[in-house]
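Observations on chain architecture
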Amino acid sequence: MNTFAWRKLSVALLSVAALSVVASAQRGGGPAGPQQSTTPEPLKFRYMGPAPAGRIASVAGVPGDPNTYYLGSASGGVWKSTDGGQVFVPIFDDQPVAAIGTIAVAASDPNIVWVGTGESWVIRYSDVMGDGVYVSKDAGKTWKNMGLKETGRISRVIIHPQDPNIVYVCATGRLTGPQEERGVWKTTDGGANWNRVLFVDGNTGCSGLSMDAKDPNILLAGTWQAEQHTWVERSGGPGSGVYLTKDGGAKWTKLTAGLPKPPVGKIDVQIAPSNSSRMYALIQTPDQGSVWRSDDAGATWKVVSWDRSLIGRAGYYIRMLVNPQNADDIFIMSSSMHRSQDGGKTFSGNGGTFAFTQGQASCGDCHDIWIDPKDPVRYALVDDGGGSINTRNGIVNIRIPNGQMYHVHVDTRVPYWIYSNRQDDG
């Protein structure tokens, strides 16, 4: 047999052998490959970093309890500490929303915690919306959505100091156009039913709300006419104003005597807990001032500060709180922390440096503040990179893994590299 013929025969034999193996495998008699011994684990997410913190939009503590704090992340849910702020753990991850606008703890029962969703600090269209209000009656172990799902952004929740079933919600709104869910809402049955008690118009929401510590039927509200699109944010108009009720929201009066003339922008308000006659309004204006004060329970007002740094980038800031035991001691959150101890006439921060602010907690790109009414030396601040707690024993810095990442990409290396860019903080 010549070489060519031998090659043809070899190929034919190999082909027959291959077909025999295939046929044998099809009949189940051939060699079996590796068999699956366990069910594969389902795909799941794992934390990849980076560890440095992102924006915290809201904070609350428990009066007289130096161990318990709640944080509301701009896009990372609610976090809780039970060791004075050393460690925070997420307690809201099972809920379908991540943006937290405000947190309130009931003075009559610290196990009752309310959360308003949707970040209220408005700077860009990519900010995350919410789906209404939630309540926990076991200090954050379990949560229940209590409605107002279309409000979009909630700036403040205030709980009646004696009756936790009475709750007020200050809703900024979605800002994308006219909306009926804006304004101040009230429940008297723990959230089962809600009534809108203050509504200016579809273009105006609530940006600030304060309750008289001595008479909870008296509330002061700041309203904000605002509209936001991908190409523009419009702040201000005739809808912005300061409103007062003395009957729990049944009737509201727009206050004008001594206050700036419209149009004005975003507004926050405060009733001093230690002196019901002292009221403050932090108002975004182009050239009429920054802080107004009333010493006669809102009847008349006068401008006390023209410091422009108090109202810069107002959509992103505008937050004010009065020391619960000193009506002249005011904190304002802006690009830095500002503090006045003369009733608003002079402020630290960008406006100056004073001895009473040295060695105490401060912040940058500040958003919210909580002060212990039983011990005002203890206060908590939150900002774009985390926060800090001022205590009698020093400052506790807050950092949680909630960095806000705008984009993510991976390359073709093995193992692959991950790339992203982060909102603020480096």
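Notes on the structure in this doc start here.

Each value, and the rule that gives it
- Residues numbered from 1 in each chain as written.
- Predicted model: local features only at pLDDT ≥ 70, side-chain atom pairs only at ≥ 80, totals over all residues.
- Heavy atoms only, no water.
- Phe/Tyr/Trp six-rings, centres within 6.5 Å; stacked < 30°, edge-to-face > 60°.
- Helix = DSSP H or I, 4+ residues; strand = E, 2+ residues; numbered from the N terminus.
- Buried < 20%, exposed > 50% of the residue type's maximum accessible area, 1.4 Å probe, protein only.
- Salt bridge = Lys/Arg side-chain N within 4 Å of Asp/Glu carboxyl O.
- Pairing = 2+ DSSP bridges.
- Axes fitted to C-alpha atoms, helices over the stretch in contact; angles between N-to-C directions.
- Contact = heavy atoms within 4.5 Å.
- Disulfide = S-S within 2.5 Å.
- Patch = residues over 30% accessible without salt bridge, like charges linked within 9 Å, V, L, I, M, F, W, Y side chains within 5 Å.
- Areas by Shrake-Rupley, 256 points an atom, 1.4 Å probe, with all protein chains shown as cover.

1. Observations concerning the packing of aromatic side chains
Considering all chains together, one arrives at six aromatic pairs under this definition. When the ring of Phe92 is compared with that of Tyr134, the centres are 5.1 Å apart and the planes differ by 80 degrees; the resulting orientation is edge-to-face. Taken as a pair, Phe92 in the loop between strand S4 (89-90) and strand S5 (100-105) and Tyr134 in strand S7 (residues 133-136) lie far apart in primary sequence, 42 residues in all. Take Phe92: its relative accessible area is 1%, and that puts it in the buried class. Measuring from centroid to centroid gives 5.2 Å for Phe92 and Trp143, while their planes differ by 80 degrees, and the two rings are edge-to-face. Linking Phe92 in the loop between S4 and S5 with Trp143 in the loop between S7 and strand S8 (144-145), this pair joins segments that are 51 residues apart in sequence.

2. Topic: the pattern of salt bridges
Close approach of charged atoms allows side chains with opposite charge to pair. Per the counting criterion, the structure on display carries 14 salt bridges. For Arg196, the salt bridge is made with Glu180, and the minimal N-O distance between the two is 3.5 Å. Taken together, the residues Arg196 in strand S12 (residues 195-198) and Glu180 in the loop between strand S10 (167-171) and strand S11 (183-187) connect sequence positions 16 residues apart. Among the salt bridges present, the one from Asp368 reaches Arg319, with a minimum N-O distance of 2.8 Å. With Asp368 in strand S25 (residues 366-371) and Arg319 in strand S22 (residues 319-322), this residue pair connects regions lying 49 residues apart in the sequence. Considered together, Asp368 and Arg319 belong to a single accessibility category, that of buried residues. Overlapping salt bridges bring together Arg156, Asp268, Arg319 and Asp368 as one network.

3. Points about the sheet that holds strand S21 (residues 302-305)
Strands sit in the order S18-S19-S20-S21 across an open sheet of four strands; the sheet is antiparallel. On the outer flanks of this sheet lie strand S18 (267-271) and S21, each paired with one strand and no other. Each neighbouring strand pair of the sheet contributes to a mean axis angle of 25 degrees, computed without reference to strand direction. Pairing between strand S19 (residues 279-283) and strand S20 (residues 291-294): four bridges, direction antiparallel. Bridging across to S20, Tyr280 finds its partner in Arg293.

4. Regarding the pairing of strand S28 (residues 394-398)
Note: strand S27 (residues 386-391) against S28, five bridges, orientation antiparallel. Residue pairing in the sheet places Ser388 in a bridge with Asn397 of S28. From the end of S27 to the start of S28, which pair antiparallel, there are two residues.

5. Regarding the sheet that holds S11
Reading across the sheet, the four strands line up as S9-S10-S11-S12 and stay open at both edges, with antiparallel pairing between neighbours. Every interior strand has two partners, whereas the edge strands, strand S9 (154-159) and S12, have only one. On average, each strand axis in the sheet is tilted by 25 degrees relative to the strand beside it, whichever way the strands run.

6. Some thoughts on the environment of Val377
Considering the arrangement of structural elements, one finds Val377 in the loop between S25 and strand S26 (379-383). Residue classification places Val377 among the partly exposed residues on the basis of a relative accessible area of 31%. The residues contacting Val377, other than those within four sequence positions of it, are Asn390, Thr391 and Arg392.

7. Re unusual backbone geometry
Residue Gly49 is joined to Pro50 through a cis peptide bond whose omega torsion reads 0 degrees. Mapping Pro50 onto the fold places it in the loop between helix H1 (3-26) and strand S1 (56-62). A cis geometry characterises the amide bond from Val414 onward to Pro415, with omega recorded as -5 degrees. Residue placement: Pro415 occurs in the loop between strand S29 (405-410) and strand S30 (418-422). For Arg313, which is not glycine, the phi torsion reads 45 degrees and is therefore positive.

8. What about the state of the cysteines?
Inspection of every chain in the model, using the stated rule, returns two disulfides. Covalent S-S linkage joins Cys170 and Cys206, the inter-sulfur distance amounting to 2.1 Å. Across the S-S bond linking Cys170 and Cys206, the dihedral sits near -105 degrees, which makes this disulfide left-handed. Here the residue Cys170 occupies a position in strand S10, and Cys206 occupies one in strand S13 (residues 204-211), the gap between them amounting to 36 residues. Each member of the pair, Cys170 as well as Cys206, carries the same accessibility label: buried. Disulfide partners in the protein chain, listed by the sequence order of the bonded cysteines, are 1-2, 3-4.

9. Focus on a nonpolar patch on the surface
Taken together, the side chains of Met48, Val408, Val410, Tyr416 and Ile418 define a hydrophobic patch exposed on the protein surface, amounting to about 500 Å² of accessible area. Structurally, Val410 can be placed in strand S29.

Read these as geometric descriptors, not functional statements.
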